[in-house]
Structures are given as structure tokens and as C-alpha cells.
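# Geometric and topological summary
One-letter residues, chain by chain:
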Amino acid sequence: MTQRLSTLPNGFRIVTEAMPGLESAALGVWITAGGRHEQPEQNGIAHFLEHMAFKGTGSRSALQIAEEIEDVGGYINAYTSREMTAFYARVLKADVDLAMELIADILLDPVFDSREIEVERGVILQEIGQVLDTPDDVVFDWLQEVAYPEQALGRSILGPSERVSGFSRDDLLRFVGEHYGPERMILSAAGAVDHERLVAAAERLFGGMTAKGGDTATPASFTGGELRVAKGLEQAHFAMAFETAGYRDDAIYTAQILSTALGGGMSSRLFQEVRERRGLCYTIFAQTGAYADTGLTTIYAGTSAEEIGTLAAVTMDELRRSAEDMTEAEVARARAQMKAGMLMGLESPSSRAERLARVVSIWNRIPPLSETVQRIDAVTLEDVTALARQMASGGAALTLYGPIDRAPSLEALRERLAA
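Because the structure is a prediction, the values reported are computed rather than measured. Throughout this document, residue positions are counted from 1 along each chain, in the order its sequence is written. Restriction of local features to residues with pLDDT of at least 70 applies here, the model being predicted, together with a cutoff of 80 or more for giving and counting side-chain atom pairs; totals for whole chains, interfaces and linings are based on all residues. Computation of side-chain values: all heavy atoms of the structure, hydrogens and water removed.

## Overview of the packing of aromatic side chains
Stacked, tilted and edge-to-face are the three classes applied to pairs of Phe, Tyr and Trp rings, where Trp contributes its six-membered ring and a pair requires centres within 6.5 Å; stacked means planes under 30 degrees apart, edge-to-face means over 60, and tilted covers the rest. This structure, assessed with the given rule, holds 8 aromatic pairs. For the pair F285 and Y300, a centre-to-centre distance of 5.4 Å together with 40 degrees between the ring planes defines the contact as tilted. Residue F285 is located in strand β9 (residues 283-290), and its partner Y300 is located in strand β10 (residues 295-303); the two are separated by 15 residues in the primary sequence. Within the aromatic cluster, the residues linked to one another by ring pairs are F140, F285 and Y300. What counts as a helix is a DSSP run of H or I of at least four residues, what counts as a strand is a run of E of at least two, and both are numbered from the N terminus.

## Overview of helix α10 (residues 269-277)
Summary of the burial criterion: residues with accessible area below 20% of their type's maximum are buried, those above 50% are exposed, and those between are partly exposed, where the area comes from a 1.4 Å probe applied to protein chains only. The complete set of buried residues in α10 reads R269, L270, F271, E273 and V274. We call two residues in contact whenever any of their non-hydrogen atoms come within 4.5 Å of each other. On its buried face, α10 sits against α9 (251-263), β9, β10, α11 (308-325) and α12 (328-344).

## Section: the sheet that holds strand β7 (residues 225-230)
The pairing criterion is simple: DSSP has to find at least two bridges between the two strands. Here 5 strands make up an open sheet; going across it, the order is β7-β11-β8-β10-β9 and the pairing mixed. Looking at which strands have only one partner, the edges of the open sheet turn out to be β7 and β9. Strand-to-strand twist in this sheet, taken as the mean axis angle between neighbours without regard to direction, amounts to 10 degrees. Inspection of the sheet shows β9 paired to β10 by 8 bridges, in the antiparallel sense. When the sheet's bridge partners are listed, T288 is paired in β10 with T297. Contacts from helix α5 (residues 135-147) reach β7, β8 (236-244), β9, β10 and β11 (397-402) within the one sheet, and its direction differs from that of β11 by about 150 degrees. The axes are straight lines fitted to the C-alpha atoms, using for helices just the contacting stretch, and the angles between their N-to-C directions are given from 0 to 180°.

## Details of the nonpolar core
Soluble globular proteins tend to bury their nonpolar side chains together. We call a set of buried residues a nonpolar core when its members are Ala, Val, Leu, Ile, Met, Phe, Trp, Tyr or Cys and they connect through side-chain atoms within 4.5 Å of each other. Core analysis: the biggest nonpolar cluster contains 69 residues, and F87, Y180 and F206 have the highest contact counts within it. Tallying contributions element by element places helix α3 (residues 96-108) first for this core, with 8 residues. Excluding residues within four positions of it along the chain, F87 makes contact with G28, V29, I31, E50, A53, N77, A78, I103, I106, L107 and Y180. In terms of nonpolar packing, the next biggest core, distinct from the first, is built from 50 residues, F238, A286, I308 and A396 among them.

## What about the environment of T260?
Residue position: T260 is located in helix α9. Looking at T260, the relative accessible area reads 14%, which means it is buried. The spacing of T260 and L198 is 62 residues in sequence and 38 Å in space, taken between C-alpha atoms. Look past the residues within four positions of T260 in its chain and what remains in contact with it is G265, S268, A334, Q337 and M338.

## With respect to the sheet that holds strand β1 (residues 2-7)
With mixed pairing, the 6 strands of this open sheet are ordered in space as β1-β2-β6-β3-β5-β4. Either end of the sheet is taken by a strand with one partner, and the two such strands are β1 and β4 (75-80). In this sheet, adjacent strand axes meet at a mean angle of 15 degrees when their direction is disregarded. Of the pairings in the sheet, the one linking strand β3 (residues 24-31) to strand β5 (residues 85-92) comprises 8 bridges and is antiparallel in character. Opposite V29, over in β5, you have F87 as the bridge partner. Along the sheet, helix α13 (residues 349-363) contacts β1, β2 (13-18), β3, β4, β5 and β6 (185-191); its crossing angle with β6, the most-contacted strand, is approximately 150 degrees.

## Considering helix α16 (residues 410-418)
Within α16, the full set of buried residues consists of L410, L413, R414 and L417. Angular distribution of buried residues about the axis of α16 spans 100 degrees; they occupy a single face of the element. Counted as exposed and oriented over 90 degrees from the buried face of α16: E411 and E415. Elements that come into contact with the buried residues of α16 comprise β7, β8, α11, α15 (381-393) and β11. Think of it as the arc spanned by the lines of direction from the helix axis to the C-beta atoms.

## Some details on the pairing of β10
On any regular strand, side chains alternate: one points to one face of the sheet, the next to the other face. With 9 of its 9 residues buried, β10 lies for the most part within the structure. A two-sided burial pattern is seen for β10, the buried positions comprising G295, T297, I299, A301 and T303 on one face and L296, T298, Y300 and G302 on the other. If you look at the hairpin formed by β9 and β10, you'll find 4 residues sitting between the two strands.

Structure (C-alpha cells):
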């Protein structure tokens, strides 16, 4: 498989990976503009723009966009994260040019028709309501806000309904004008693709764009704290986060190995102790996520009102013990899980295209998979236990939702960790 990276004079980047034997391709444009780049009054607008992408251009109606891609058996979609917005498609080899044309059209010539804005506003408000009715979704939005209060990184991607209700066509155009510059766009493609052909197409479609300036996101500042929302739900939802490394820091691999050993699978400490031995919950896990300059290692569980106190206490005990008696075997198992998950996850062109866009946005190069594997293998038991000690003695964010009268406070949990 051949990976190549080219950059147009205006900063627009094209990265590809040809995968021999495939008859299909995944391609899209990833833009380093997401929820983190919004001003407070813009919260939710990056996601609103994602929804409006397929609602018509100067040359195609919303129906024509849908029909053109589905006439050839392909699909087109988009997503918004805190640091990126992506518009992508999956098509057969013969239809790569069509997919390129469609993606360029929705990015460069959206009409933002006022009627369509109102229709999509209603859809997004329904989406916000759905999240608010899904406790194990909303508890993570609240956790993010508690971790990074009064910051763009702490605000929800969907935005509050009162903001979404007020966005205008001019607001959408303003965000595009501020952030959708060629130097912040990456065309990524994998599968049955030809690099030179895509570079030529990108030059024709995007080469005339003018650079707008670099990433304007402000540095993150993890604060932590506690949010308790009592409600008559069936379960009490517990989510706790600790600051760990950003994705440009090699310490991210240590955090990922720790969270995997702690709560990343059926053999993990939390799953075995909290669920298998004690039967305190159905769902419990730990995971690590990262941003450019910060990251979060998070523990989540849902349990009954009667068991929330015990569950929280046992979870803290397991985190504390991971700093004391983690074994080489546990670290080796977590390494194997990470490497297998990464490699298995890259067996489709869609996954390959996403990885290429992500690594180019971070490093402006394509680090080989072997380099990532080496970084994972370089993490030692001492690294993992040192991070566990740091988490046990540092700040944290906690959100509790549901029947939580018996849930301990953040201060009590911190004291148990430090015991």
C-alpha cells in the first residue's frame, strides 16, 4: 500500500493510500474547525453547518445531491467533533470523481436556503432533546463542561437549544468565512484511488481558495469540579475524568494503556471487580481521549440508587491499587489490545482515510504504523503506575445523574484515592 502527501500552494493538503485489490474508495475533506473554534454565542454552529452541507448548492438541490450519490450506489455523510468537521463519501472506483465534485460543491457553494435552515433547525433541536433524554450521553457532555468550565472545549458540540434557535444564514456564512480556509482542509482518500488524479482534481476545485489563517483555538485549562443532577431515573450514572496527555505527547500511549488495563475489556480490573465479582453494575469502562493540548481519562458506570456509593468506593480503590500492584502481564495485555484494535480498525478504506486525515492534521506527515506500535511498546510498567499515582493525587471532574442521594462527593472520593 502506497501513502502519499501533497500540498497545494494555498496550503490545501491531499493525502492518499492506494489499497491494491479494492474496487471501492473512501474519500472526504477534513477541516480543522469544530466546536472548539466557536465563540460562546456560536456554540453549536459548527454542527449546524454539518447538517446544512447536504441541503443544496448553487447547482444542486438537496434531493439532487442525494440522488447523484445513491444513483451509483455510494453514500455521503458528515460529522462534527470538538476539533474537526468532516464531509466524506464511499463509492466504487469509477465514481471517485463524482464524489470529489459533490464534496467540493457542498463546501464551496452552499446556498443556506432560509427554508432549509428552518427545517434543519427543527431536526437539530430534536437531536438535542434526544441527547438530553439519554443519560449516558448527556452525562459526558456535563463531564466535559465540568472539566473545562467557561471554555469552548467544555461546551457541547450540539450547543444549547436557545443558541441553535437563533442562528441565522449570516451566522453560518460568518463561521465558514472565518474557519473554512484551504490551509485547514485535508482531502484524504484510501482504497482504489490515484494520487495524481486527486491532486489535479483538488487543484481545479480548491486551488483558487485564499488562506484565512491558522487554528485560532485557545489553550485548554483543565479545572475539574463536581456536578450532581438528581432525577428519578432507573439508574444512577457515574462519570469521572482525570486530565492526561494531548495527542502530540507520547504520554498519551501511557494513558491509553492504563485506561485499557483499568477498564478497557472483560479482563480489566474494573470489569472483573465491580461487575463480575460484586455484581454492582451492568456497564463499567475506562477510556482515554485526547485533544491537541490536553486529554481526559474517563471512568463511567451505571448502577442502582442503592449501589452507587459502593460502586464509587470500589472504583476508587481499584484506581488506587493500579498505582500499587499493576503487573507486567496486565500492561502487556493492554498493549496487545491497543495494537490489535488499531490494526483491525484499519482494514477498511474508510478507517484508513480517517486515520490519514487525522495524522496529517496533527503532524503534517504520515507516521508509519510501525512508529505507533513502537511508541506503544515503549510504555513501561513504571510509566503506567506513575500515571496512576498522578491521577490519584491530582484534580478530577465528576458528574452524577439520576437517583444519587447515596453517591459520595468528589472530595470524599479524592480522600479515598489518597488513603
